[in-house]
Amino acid sequence: MFEIEKQVAKDARRLALDMVHNAQSAHIGSSLSIIDIAVQLFSKSTKSENAGDLVLISKGHAAAGVYAVLKCLNVIPAEWTSSYCQNGSQLGGHVTSTHIPILELSTGSLGHALPYALGRALGKSRLRQSGHVYVVISDGECNEGSNWEAALLAPFLKLNNLTVVIDRNRLQSLGKTEETVPLEPLSDKWLAFNWEVQTIDGHDFNELSRLTDHKNQTNARVFIANTVKGKGVTFMENSVLWHYRPPNLEELELAQKEVS
Amino acid sequence: MRDTFIRQLTELASEDPDIFLVVGDLGFGVIEEFATKYPKRFLNAGVSEQNMMGVASGLAGSGFKVFVYSIANFPTMRCLEQIRNDVAYHNLNVTIVAVGAGFAYGTLGYSHFAVEDLGIMRVLPKMAIYSPGDSDELKMILPHIIEREGPKYLRLGKNGEPSLSDSKMTSPESARLLKPGTKLVILSTGGVGIEVVKAINELSLTSADLVAHFSVPYFSHQAIDSIGLQNFEQIITVEEHVLDGGFGSYILEYLESNQKLIRVKRIGIQRSFSYEIGNQKYLRELARLDPSSIRSEIELSLEV
């Protein structure tokens, strides 16, 4: 089951590692964390019959992971990923939509895409347009008040075309989320805001398939997707160090072996 | 001006199905007609300006021409990064409508003053700046705003501003001649232009003949070109805004860009916090933006 998704995710992990190594750029941990979620969402949204779908990446720092997935889904050319973060590149260190229209919103400052997604979902609803709006936010990003402003409003507007995915890897920039600005009980918070709340394993495609199943969705929905920062590379997993550090050649080779 | 704005927007919305109005829980007694007539194109985003501006961006991303209406500081400073990253960077069709230019909400205190907004908004790339002096200017400008794509900032007064003159604007993209003159030209933006009109009326007849007055409701080089500044020996700029980065600064930058050498005196608000309580008239007097202070500045300039 889900062999195609698993293969895309595996290829994307390899590519993302190469990209951050070549660019000596940060955020490989966040990129490995988001990849399976991104594979699930973009696999659906890039199908021609789902042209009305929109996937917004609020955690713009996971850009390498997102671009790698898009390359593996043949949305962007390989030469773009090989020039990632180089001068004149199409791909910047935070999600850049300039050359990738399907991303729509360039991000990098946290707390921006959920309000935008709410506006897009409301626009679609008012214009009776088809398609679903997905927005991926990080758990550290739940510190941003703008997300909670949007969280207050969306269920009142009965936006059943809006789905939020929280990449819940429990680490933020300087340490554990629960030792920084604690989020728990996180699902209770969203429930109290009247969202449809589901908790899934953010690396299991059987569970991830629920992200794009809207049969019983009657209102704005949020998935708390439990993930592992640095997923797939043992020495990067659950480590704050790899929020910033790019792998050197030796580390890259070790990491590539693991994800293969 | 706010009543004129909402009335005209409501009228234009009957012909243009793309117009969408977002408010930040403000506009009691003003926005109801629009909300009732076009419920599908109206949203009260509540007291949450960051979300309001993000939602406005998303609506614009869906193809709407979005107007975000609130008081002075709220739809500008409270959500500046949403304006920069979401609206302006993505060149989205959002018009930020701030009521309460300068000291219009005087007695409400400094929190509600819009005295740094022009400087803040006009440094954003792609942001078009509109600052009408009265309802006639606003009426001329609004259809132009609706036709123009991309981010826009519309700075309005409050209500009951007097008409600056019987003279009509000839085009939304040119400055409006309020009074011709030969030697010194006064450029004002926004409702404070009425203080200039009164100041000129207080001048002696011989002095008055020397003084021209233009209102500049749209910040564009083309609009300033239309004035023909080279025909004057001196320029005085007048704004209800801090002197740093505002309208006078814009004119200085225009002169530098065009390499024109003309003496300039800027009249505006000193960049310091005001802890005074009072209405707009009182606060303008304290800031020396009242007719007799402006008249003194004009006379001083004419003596040089």
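Every value quoted in this text rests on a predicted model; they were computed, and no experiment measured them. (Residues numbered from 1 in each chain as written. Chains lettered and ligands numbered in written order. Predicted model: local features only at pLDDT ≥ 70, side-chain atom pairs only at ≥ 80, totals over all residues.)

Trainee: Would you mind showing me how to read the interface of chain B and chain A here?
Mentor: When the parts of a complex come together, some accessible area is lost, and that lost area is often taken as the interface size. Taken together, the contact between chain B and chain A spans 21 residues of the former and 20 residues of the latter. Broken down by secondary-structure element, the contributors of at least two residues to the side of chain B that touches chain A are α3 (49-61) and α4 (80-88) of chain B. (Contact = placed C-beta atoms within 7 Å. Helix = DSSP H or I, 4+ residues; strand = E, 2+ residues; numbered from the N terminus.)

Trainee: Help me understand the domain arrangement of chain B in this model?
Mentor: Residues and elements named next belong to chain B. Once the domains are mapped, chain B shows domain 1 (2-156) and domain 2 (176-303). Look at where the C-alpha atoms of domain 1 and domain 2 centre, and you get two points 26 Å apart. Between domain 1 and domain 2, the residue contacts involve 22 residues of the former and 29 residues of the latter. Of all the elements in the fold, those that place two or more residues in the side of domain 1 that touches domain 2 are α5 (117-122), β5 (128-130) and α6 (135-147). (Domains from an automatic or database assignment.)

Trainee: Help me out: how do you make sense of the packing of helix α5 (residues 113-126) of chain A against helix α6 (residues 145-153) of chain A in this one?
Mentor: In a packed pair of helices, the relevant descriptors are the angle between the two axes and the axis-to-axis distance. Residues and elements named next belong to chain A. Where α5 meets α6, the axes come as close as 8 Å, and the angle between the chain directions of the two elements is 30°. By the angle class used here, α5 and α6 are roughly parallel. The residues of α6 that touch α5, namely those facing L114, P115 and L118, are S146, N147, E149, A150 and L153. Residues of the contact of α5 with α6, tallied by class, amount to five nonpolar, two polar and one charged. (Axes fitted to C-alpha atoms, helices over the stretch in contact; angles between N-to-C directions. Parallel < 35°, antiparallel > 145°, perpendicular 65-115°, else oblique. Nonpolar A, V, L, I, M, F, W, Y, C, P; charged D, E, K, R; others polar.)

Trainee: What am I meant to see in the sheet that holds strand β6 (residues 152-156) of chain B here?
Mentor: Note on sheets: strands pair through backbone hydrogen bonds, and any given pair is parallel or antiparallel. Residues and elements named next belong to chain B. Across the sheet, six strands lie side by side as β2-β1-β3-β4-β6-β5; this open sheet has parallel pairing. Each end of this open sheet is capped by a strand with a single partner; those strands are β2 (42-44) and β5. This sheet shows a mean twist of 15° between the axes of neighbouring strands, independent of strand direction. Looking at chain direction, strand β1 (residues 19-23) and strand β3 (residues 65-71) are connected through five bridges and run parallel. From the neighbouring strand, I19 faces β3, where its bridge partner is K65. Relative to β3, α3 is tilted by about 165°, and along the sheet it contacts β1, β2, β3 and β4 (94-99). (Pairing = 2+ DSSP bridges.)

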